[in-house]
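Tertiary structure, described
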Amino acid sequence: MESVLKARRSSDNLTAIRLYSRAVSGVGASRRERGTYLWLPLQVAQFICADHPPIVWANFPCHPTVLGRGHTWISPDLHGSAAQMLQERGYRVGGIWNGPAADISTRFTRRESSVGELERLSGRLADRIGDVLNHHSGEREIRPSNLAASERSHLLLPKPRPDKPPPDSAQSEDILEGIRALSRVTLSPEVLSVSIWKFDSWTIHWVPGELPLSAFLWDRKASTRFPADRWIIGYANDYPGYLMPEEDGSYESVMTLYNPEEIRRLIDELRESI
């Protein structure tokens, strides 16, 4: 709540917020099925201030994993590198957030796992955000007169601990590694806190963990976009890991620690907001 109070004080200098929504290709895609979710939703907010240049936020769902586990440099990866590039171009960036991205990554869009490839994909994301801002016409413009914050709690019960896989299991090594790790862990119920911010008609849900984009966008081929004024931001308010709503045998669902039924209730509530 301290950050909300600080935001209220700084909002006296805020004259308008312009909200944009686009679909972006060539940065990320489905990490589970090649050729799907080739267009990903990009949301941008521009805070117009009375006595200093605008501040930019963006929300883009994609695993920040252009660099693999073999790279030991400390790196902001995709979102942070795009923010740095925009700042070097003169934009004031407040943050580039990550949306529902459990099933989205650069697995099929990166040519290799390298710093050069990180710069290419981050540059493409920064270009798309710059294109939106240079268009000079927000899809929605609001005059912020009210800022409200609330919080919703969701109880997640842990899944049963998996059995250790047999030595001759045909599952992939990353799934086997996950099952072996989870078989040694005993979890307690988790209370997820979802923060909800409202700037007049603009609603932002700050959600812990990684939800799948496929839970919110059903057409895997279309260049679908989210509403400009309805944001879902992941990796916020703690990190309980993957939050997949179905047991489908994938790595993401195996590594989901909590009962899918409760996760589906959370997703249903978020769907109503968009």
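Not measured: the values here are computed from a predicted model.

Here we look at the side chain of Ser-21
For Ser-21, the position within the fold is in strand E1 (residues 14–25). Classification of Ser-21 as buried rests on a relative accessible area of 1%. Within polar-contact distance, the side chain of Ser-21 engages the backbone oxygen of Phe-226 at 2.4 Å. If sequence neighbours within four positions are ignored, Ser-21 has contacts with Leu-42, Glu-139, Arg-225, Phe-226, Pro-227 and Ala-228.

A closer look at the environment of Arg-265
You can see Arg-265 is positioned in helix H6 (residues 260–273). Measuring from C-alpha to C-alpha, the distance between Arg-265 and Asn-98 comes to 21 Å, with 167 residues separating the pair along the chain.

Remarks on a nonpolar patch on the surface
A cluster of nonpolar side chains, namely Leu-155, Leu-157 and Val-191, defines an oily patch on the protein surface of about 260 Å² accessible area. Turning to its location among the elements, Leu-157 is positioned in the loop between strand E8 (147–156) and helix H4 (173–182).

Some thoughts on the pairing of strand E10 (residues 202–206)
Note on strand geometry: in a regular strand, side chains alternate between the two faces of the sheet. The buried fraction of E10 is high, at 5 of 5 residues. Every second residue of E10 is oriented toward a common face, with Trp-202, Ile-204 and Trp-206 on one face and Thr-203 and His-205 on the other, all of them buried. Bridge count for strand E9 (residues 190–199) against E10 is 5 bridges, and the pairing is antiparallel. Paired with Ile-196 across the bridge in E10 is His-205. Hairpin connection from E9 to E10: 2 residues lie between these consecutive antiparallel strands, with Asp-200 at a positive phi of about 55 degrees.

Some points on the sheet that holds strand E11 (residues 230–233)
Spatial strand order, E8-E9-E10-E11: 4 strands in an open sheet with mixed pairing. In this open sheet, the two strands that pair with only one neighbour each are E8 and E11. Each adjacent strand pair in this sheet contributes to an overall mean axis angle of 15 degrees, direction not counted. Packed onto the sheet, H6 meets E8, E9, E10 and E11 and runs at close to 155 degrees relative to E8.

Quick notes on the nonpolar core
Core analysis: the biggest nonpolar cluster contains 52 residues, and Leu-42, Val-44, Phe-60, Ile-129 and Leu-211 have the highest contact counts within it. Sort the elements by how many residues they give to this core and helix H3 (residues 115–134) lands first, with 7 residues. With near-sequence residues (within four places) excluded, Leu-42 lies in contact with Tyr-20, Ser-21, Arg-22, Val-24, Ala-58, Asn-59, Phe-60, Leu-125, Arg-128, Ile-129 and Val-132. Residues Cys-49, Ile-142, Trp-231 and Ala-236 belong to the second largest nonpolar core, which totals 18 residues.

Side note on the packing of helix H2 (residues 77–88) against H3
Closest axis-to-axis distance for the H2/H3 pair is 8 Å, and the angle between their directions is 60 degrees. One way to sum up the angle between H2 and H3 is to call them oblique. Crossing of H2 against H3: the hand is right-handed. The residues of H3 that touch H2, namely those facing Asp-77, Leu-78, Ser-81, Ala-82, Met-85 and Leu-86, are Leu-118, Glu-119, Leu-121, Ser-122, Gly-123, Leu-125, Ala-126, Ile-129 and Gly-130. Among the residues forming the contact of H2 with H3, the class breakdown is 9 nonpolar, 4 polar and 2 charged.

Side note on the layout of surface pockets
Taken as a whole, the second largest pocket spans an internal volume of roughly 440 Å³. What lines the second largest pocket is a set of 18 residues, and nearest its centre among them are Arg-31, Thr-65, Arg-69, Arg-107 and Tyr-251. The residue inventory of the lining of the second largest pocket, partitioned by class, reads 6 nonpolar, 6 polar and 6 charged.

Some remarks on the packing of aromatic side chains
As enumerated under the stated definition, the model contains 13 aromatic pairs in all. Judged by centre distance (5.3 Å) and plane angle (80 degrees), the rings of Trp-97 and Trp-206 are edge-to-face. You can see Trp-97 sitting in strand E5 (residues 92–97) and its partner Trp-206 sitting in strand E10, a full 109 residues away along the chain. A relative accessible area of 24% places Trp-97 in the partly exposed class. Residue class for Trp-206 comes out buried when judged on its relative accessible area of 11%. Aromatic ring contacts, followed pair by pair, group Phe-47, Trp-57, Trp-97, Trp-197, Phe-199, Trp-202, Trp-206 and Trp-231 into a single cluster.

Thresholds applied
Residues numbered from 1 in each chain as written. Predicted model: local features only at pLDDT ≥ 70, side-chain atom pairs only at ≥ 80, totals over all residues. Heavy atoms only, no water. Helix = DSSP H or I, 4+ residues; strand = E, 2+ residues; numbered from the N terminus. Buried < 20%, exposed > 50% of the residue type's maximum accessible area, 1.4 Å probe, protein only. Polar contact = N/O pair within 3.5 Å; in protein donor to acceptor, adjacent residues only side chain to side chain. Contact = heavy atoms within 4.5 Å. Patch = residues over 30% accessible without salt bridge, like charges linked within 9 Å, V, L, I, M, F, W, Y side chains within 5 Å. Areas by Shrake-Rupley, 256 points an atom, 1.4 Å probe, with all protein chains shown as cover. Salt bridge = Lys/Arg side-chain N within 4 Å of Asp/Glu carboxyl O. Pairing = 2+ DSSP bridges. Axes fitted to C-alpha atoms, helices over the stretch in contact; angles between N-to-C directions. Core = buried A, V, L, I, M, F, W, Y, C linked by side-chain atoms within 4.5 Å. Parallel < 35°, antiparallel > 145°, perpendicular 65-115°, else oblique. Left-handed = near helix turned anticlockwise from the far one by under 90°. Nonpolar A, V, L, I, M, F, W, Y, C, P; charged D, E, K, R; others polar. 1 Å grid on protein atoms, 1.4 Å probe; cavity = no way out; pocket = protein on both sides within 12 Å on 5 of 7 lines; lining within 4 Å. Points joined across faces, edges and corners; volume = space filled by probe spheres on them. Phe/Tyr/Trp six-rings, centres within 6.5 Å; stacked < 30°, edge-to-face > 60°.

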